[in-house]
Amino acid sequence: MKTAYISHHDCTLHNMGAEHPESPLRLTAILDQLQDTRLNQELDFMRAELVNPDHVRRVHPATYVEQLDLIQPKKGRIYADEDTIMMPDTMRAAKLAAGAAVQAVDAVMSGQNKNAFCATRPPGHHAERNKTMGFCFYNNIAVAAKHALDFHGLERVAIIDFDVHQGNGTVDIFQNDPRVLVCSSFQHPYYPFSHHAVDQPNILNLPLEAHTQGLSFRNKTEAAWLNELQNHKPQLILISAGFDAHKNDPMADLELDKTDYRWITQMLMDVAKYYSNDRIVSILEGGYNLKALAESAEQHLEVLAGY
Ligand SMILES: [Zn+2]
């Protein structure tokens, strides 16, 4: 079985402006990195499909979902919040990103693919139940988790979020749902300045000081998460794969390199092997230095693909 790579060209149509770091070029950079590699031959490339709105409404209130469609401009750009800009193709891209998350779960649960990576945007982990935030509209990883629980009938899943920013939206959505173990590492104190102090047994926040390097990241994530993952026995592992903790990323101040993404992916593969029948669904979140993003995503994909 192959690793699925789920994406769609129209995810690049959402364009918040030349100065905005969450750029369509992020997806192009990852795809370009895979050219002339073994991965390019071995990944199962799939086209994302538009999400069924019911799947989004498992996570966000119907009024929120309707409101986003209503405020999307027919031309020009508007601010959905101070960081998050909408333009005519924004919600099409968001619906493809959420649709890819559902497809990824279906592909992995059906046994069609051993694991899956969604190379999609806009990202999702800052989107709270009722609030756009931090370039995010729909919380894609939450849509995937809810689909796995409510449609596929899983009883326990885990979400691992190694983006440099805390996954406040994901915590907001699952803080009272013990079926979902949320493990989030992040620079602290730093954006989004919320949900980092949530005290629930299923929420494992791992704040990291600015300038934390790879070895310390590895030691701390393993110490904080491995036992808890083994206790939770997730039937599916979901990864909020943000690559902005890389030392060359302009957005923040952690100092990982691409091999740290290889390491953490391997740790999660090992957990998945024992508890999840190897099932992993990984969804792109942040990562704003195009070279660092592309190289880190390649490392992540190589491990998912089994080498
Ligand atoms: Zn981020």
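These numbers come from a predicted model, not from an experiment. (Residues numbered from 1 in each chain as written. Predicted model: local features only at pLDDT ≥ 70, side-chain atom pairs only at ≥ 80, totals over all residues. Heavy atoms only, no water.)

**A look at helix α5 (residues 90-109)**
Thought 1: Counted at 1.5 Å a residue, the expected span for α5 with its 20 residues is 28 Å, and the 29 Å between its end C-alpha atoms agrees.
Thought 2: The buried fraction of α5 is high, at 17 of 20 residues.
Thought 3: One or two steps after α5, the chain reaches G111, where phi turns positive at roughly 85 degrees. (Helix = DSSP H or I, 4+ residues; strand = E, 2+ residues; numbered from the N terminus. Expected span 1.5 Å × (residues − 1). Buried < 20%, exposed > 50% of the residue type's maximum accessible area, 1.4 Å probe, protein only.)

**Some words on the pairing of strand β6 (residues 157-161)**
Thought 1: In terms of burial, β6 is a largely internal element, five of the five residues being buried.
Thought 2: With burial as the criterion, each face of β6 is covered, one bearing V157, I159 and D161 and the other bearing A158 and I160.
Thought 3: Where β6 and strand β7 (residues 180-187) come together, five bridges link them in parallel fashion. Within β7, the residue paired with V157 across the bridge is V180.
Thought 4: In this region the chain leaves β6, passes through helix α7 (residues 168-174) and returns to the parallel neighbour β7; the handedness of that crossover is right-handed. (Pairing = 2+ DSSP bridges. Right-handed = clockwise from strand over helix to strand, strands pointing away.)

**Focus: the UniProt feature "domain: Histone deacetylase" (unreviewed entry) in the protein**
Thought 1: Those residues carrying the UniProt feature "domain: Histone deacetylase" (unreviewed entry) are residues 20-304 in this numbering.
Thought 2: Taken end to end, residues 20-304 is 42% helix and 15% strand, and its two terminal C-alpha atoms sit 30 Å from one another. (UniProt positions renumbered as here; feature names shortened; annotations may be inferred.)

**Things to note about the pattern of salt bridges**
Thought 1: For the coordinates displayed, the defined rule picks out 12 salt bridges.
Thought 2: Note that E22 and R26 form a salt bridge whose closest N and O atoms lie 2.8 Å from each other. Considered together, E22 and R26 belong to a single accessibility category, that of buried residues.
Thought 3: Among the salt bridges present, the one from E22 reaches R121, with a minimum N-O distance of 2.6 Å. Here the residue E22 occupies a position in the loop between β1 (3-7) and α1 (25-34), and R121 occupies one in the loop between β5 (115-118) and α6 (140-151), the gap between them amounting to 99 residues. We note that E22, like R121, is buried.
Thought 4: Each of E22, R26 and R121 takes part in one network of salt bridges that share partners. (Salt bridge = Lys/Arg side-chain N within 4 Å of Asp/Glu carboxyl O.)

**Here's the deal with the coordination of the zinc ion**
Thought 1: Around the zinc ion, the donor atoms from the protein are D163 (OD), D163 (OD), H165 (ND1) and D244 (OD), and they sit 2.0 to 2.8 Å away.
Thought 2: Note that the zinc ion binds four donor atoms; their angles at the metal cover 52 to 151 degrees, and the shape is irregular.
Thought 3: For the zinc ion, the single-chain donor residues occur in sequence as D-x1-H-x78-D. When sorted by exposure, D163 lands in the same class as H165, which is buried. (Donors = N, O, S within 2.8 Å, 3.2 Å for Na, K, Ca; no water. Tetrahedral: all angles 85-135°; square planar, octahedral: opposite > 155°, others 65-115°.)

**Observations concerning the sheet that holds β6**
Thought 1: Spatially, the eight strands line up as an open sheet ordered β2-β1-β5-β10-β9-β6-β7-β8, and their pairing is parallel. What marks the edges here is a single partner per strand, and that holds for β2 (44-47) and β8 (203-208). Averaged over all pairs of adjacent strands, the angle between strand axes in this sheet comes to 15 degrees, irrespective of strand direction.
Thought 2: Where α1 meets the sheet, its contacts fall on β1, β2 and β10 (280-284), and the angle it forms with β1 comes to roughly 145 degrees.
Thought 3: Packing of helix α8 (residues 214-232) onto the sheet brings it into contact with β6, β7 and β8, and relative to β7 it is tilted by some 175 degrees. (Axes fitted to C-alpha atoms, helices over the stretch in contact; angles between N-to-C directions. Contact = heavy atoms within 4.5 Å.)

**Considering the packing of aromatic side chains**
Thought 1: Inspection of every chain in the model, using the stated rule, returns seven aromatic pairs.
Thought 2: Judged by centre distance (5.9 Å) and plane angle (50 degrees), the ring pair of Y5 and F117 falls under tilted. A residue pair is termed long-range when its members are at least 10 positions apart, and Y5 in strand β1 and F117 in strand β5 qualify at 112 residues.
Thought 3: Owing to a relative accessible area of 3%, Y5 belongs among the buried residues under this scheme.
Thought 4: Judged by relative accessible area, F117 falls into the buried class, the value being 0%.
Thought 5: The interplanar angle of 85 degrees and the centroid separation of 6.0 Å between the aromatic rings of F135 and Y288 together place this pair among those described as edge-to-face. One end of the pair, F135, is in the loop between β5 and α6; the other, Y288, is in the loop between β10 and α10 (290-305), with 153 residues separating them in the sequence. The same class applies to F135 as to Y288, namely buried.
Thought 6: The structure contains a cluster of three or more aromatic residues connected by ring pairs, namely Y5, F45 and F117.
Thought 7: Taking the ring centre of Y307 as reference, the NZ or CZ of R38 above it sits at 3.7 Å. (Phe/Tyr/Trp six-rings, centres within 6.5 Å; stacked < 30°, edge-to-face > 60°. Lys NZ or Arg CZ within 6 Å of the ring centre and 35° of its normal.)

**Brief notes about the layout of surface pockets**
A water-sized probe rolled over the atoms picks out the places where empty space is left.
Thought 1: Considered as a void within the structure, the largest pocket measures approximately 220 Å³ in volume.
Thought 2: For the largest pocket, the full set of lining residues is Y5, S7, H8, H9, T12, L27, T28, L31, D32, F45, M46 and R47.
Thought 3: For the lining of the largest pocket, the secondary-structure elements that each account for two or more residues are β1, α1 and β2.
Thought 4: Sort the elements by how many residues they give to the lining of the largest pocket and α1 lands first, with four residues.
Thought 5: The residue makeup of the lining of the largest pocket, split by class, is five nonpolar, five polar and two charged.
Thought 6: The computed volume of the second largest pocket comes to approximately 150 Å³.
Thought 7: Surrounding the second largest pocket, 14 residues form its lining, G134, F135, H165, Y191 and M251 being those nearest its centre.
Thought 8: Across the lining of the second largest pocket, the residue classes break down as six nonpolar, five polar and three charged. (1 Å grid on protein atoms, 1.4 Å probe; cavity = no way out; pocket = protein on both sides within 12 Å on 5 of 7 lines; lining within 4 Å. Points joined across faces, edges and corners; volume = space filled by probe spheres on them. Nonpolar A, V, L, I, M, F, W, Y, C, P; charged D, E, K, R; others polar.)

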